[in-house]
Amino acid sequence: MRLILVRHGETPWNRTLQYQGHAPIPLNERGCEQARRAGIRLVRSGAVALYSSDLPRAWETAEIIGAHVNLQPVAMPDLREIDVGLWEGLTPDELYQRFPDHMREYDRDPARTVRLGGESYAQLQARMLRAFAQIEAAHRNGETIIVVSHGGSIRALFCHIIGLDLANFSKLWLDNGSLSEIVRGRSGWRLLRMNDAAHLEELVAEGGE
């Protein structure tokens, strides 16, 4: 079995480095094109199912991909990005200005510090693993499944797959519209490729979470 994980296309808030969390931010023009190119890249993947976060930026990405691979997306709320609570709409600089005590706690323990009114990264990982288990149980060996999710969510899953301490999640990076892949063999799941952006060419731009 293999899972191809796609980070959603770019949004206006990715460009301005604002934390999005569960905010209903749509794709921008570049994000739509990133999704289209991902869809073209996946035409020959042989995927039998397409799952997606139900947040607009992921769902729009999944619908564009689905049109190319002839699959209807299935919504899974557990695939959502971390709920950032009061971080929503703020940039990193603004967070340190407004919530200095909270951000000191976050810097000390980034995996377990709960965003103000939101989730911790550990809670996000638990939610992603629940979705992962549901997808795994629904499919047979040899099948390929496409999953459209978010940068934080996919990295939380990868930390589990490769045994990386969750506090190091920020050392992994995924571009908007990039493809990553995990495969299940006799020794369990392993990371086969990460942040494959060969189809994006000039459309790669480092943005926010």
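Every value quoted in this text rests on a predicted model; they were computed, and no experiment measured them.

Caption draft 1: Representation of the overall build of the chain. Helix and strand counts for the chain come out as seven helices and six strands. Element order for the chain, N to C, with α for helix and β for strand: β-α-α-β-α-β-α-α-α-β-α-β-β. When the 209 residues of the chain are sorted by exposure, 54% land in the buried category. Sequence separation of at least 24 residues holds for 70% of the intrachain contacts in the chain that already meet a minimum separation of 6. Total accessible area computed for the chain in this model is approximately 9400 Å², and 49% of it derives from carbon and sulfur atoms. Computing the positive centroid from 24 side-chain charges and the negative centroid from 27, the chain places the two 6 Å apart.

Caption draft 2: Just the pattern of salt bridges, in detail. As enumerated under the stated definition, the model contains 17 salt bridges in all. Of the charged contacts in the structure, one is a salt bridge between Arg37 and Glu202, with a shortest N-O distance of 3.1 Å. Linking Arg37 in helix α2 (residues 29-41) with Glu202 in the segment after β6 (188-196), this pair joins segments that are 165 residues apart in sequence. Assessed through its relative accessible area of 53%, Glu202 is described here as exposed. Where Arg80 meets Asp54, a salt bridge forms, and the shortest distance between an N and an O atom there is 2.6 Å. You can see Arg80 sitting in the loop between β3 (74-75) and α4 (92-98) and its partner Asp54 sitting in the loop between β2 (49-52) and α3 (56-69), a full 26 residues away along the chain. Taking relative accessible area as the criterion, Asp54 reaches 27% and is therefore assigned partly exposed. In this structure, a network of salt bridges that share partners links the residues Arg2, Arg41, Glu181, Arg193 and Asp196.

Caption draft 3: Broad picture of the pairing of β6. Relative to β6, strand β5 (residues 179-185) runs antiparallel, the two sharing six bridges. For Glu181, the partnering residue across the bridge sits in β6 and is Arg193. If you look at the hairpin formed by β5 and β6, you'll find two residues sitting between the two strands.

Caption draft 4: Quick look at the side chain of His199. For His199, the location among the structural elements is in the segment after β6. Overall, His199 belongs to the buried group, its relative accessible area being 10%. A polar side-chain atom of His199 sits 3.0 Å from a polar atom in the side chain of Arg41.

Caption draft 5: View of the packing of helix α6 (residues 121-137) against helix α7 (residues 151-162). Following both chains from N to C, one finds α6 and α7 inclined at 80°, their axes separated by 9 Å at the closest point. What the angle tells us is that α6 and α7 run roughly perpendicular. Across from Tyr121, Leu124, Gln125, Met128, Leu129 and Phe132 in α6, the residues of α7 making contact are Gly152, Ser153, Ile154, Arg155, Ala156, Leu157, Cys159, His160 and Ile161. Among the residues forming the contact of α6 with α7, the class breakdown is 10 nonpolar, four polar and one charged.

Caption draft 6: Main features of the packing of α2 against α3. Following both chains from N to C, one finds α2 and α3 inclined at 30°, their axes separated by 8 Å at the closest point. In terms of their interaxial angle, α2 and α3 are classed as roughly parallel. For the pair α2 and α3, the sense of crossing is right-handed. Residue-level inspection shows Cys32, Ala35, Arg36, Ala38, Gly39 and Ile40 of α2 in contact with α3, the latter providing Thr61, Ile64, Ile65, His68 and Val69.

Caption draft 7: Inspection of the pairing of strand β1 (residues 2-7) at higher detail. Judged by how many residues are buried, β1 sits mostly within the fold: five of six residues are covered. In this structure, β1 lies alongside strand β4 (residues 144-149), joined through six bridges in parallel fashion. When the bridges of β4 are listed, Leu3 appears paired with Ile145. Sheet topology places β1 next to β5; five bridges connect them, and they run antiparallel. Looking at the pairing, Leu5 lines up with Ser180 of β5.

Caption draft 8: Spatial organisation of the environment of Val6. By the element assignment, Val6 lies in strand β1. The exposure class of Val6 is buried, given its relative accessible area of 0%. Setting aside its immediate chain neighbours within four residues, Val6 contacts Ala38, Leu42, Ile65, Ile146, Val147, Val148, Ser149, Ile154, Gly177, Ser178 and Leu179.

Rules behind the numbers
- Residues numbered from 1 in each chain as written.
- Predicted model: local features only at pLDDT ≥ 70, side-chain atom pairs only at ≥ 80, totals over all residues.
- Heavy atoms only, no water.
- Helix = DSSP H or I, 4+ residues; strand = E, 2+ residues; numbered from the N terminus.
- Buried < 20%, exposed > 50% of the residue type's maximum accessible area, 1.4 Å probe, protein only.
- Contact = heavy atoms within 4.5 Å.
- Areas by Shrake-Rupley, 256 points an atom, 1.4 Å probe, with all protein chains shown as cover.
- Lys, Arg positive; Asp, Glu negative; His and termini not counted.
- Charge placed at Lys NZ, Arg CZ, Asp CG, Glu CD.
- Salt bridge = Lys/Arg side-chain N within 4 Å of Asp/Glu carboxyl O.
- Pairing = 2+ DSSP bridges.
- Polar contact = N/O pair within 3.5 Å; in protein donor to acceptor, adjacent residues only side chain to side chain.
- Axes fitted to C-alpha atoms, helices over the stretch in contact; angles between N-to-C directions.
- Parallel < 35°, antiparallel > 145°, perpendicular 65-115°, else oblique.
- Nonpolar A, V, L, I, M, F, W, Y, C, P; charged D, E, K, R; others polar.
- Left-handed = near helix turned anticlockwise from the far one by under 90°.

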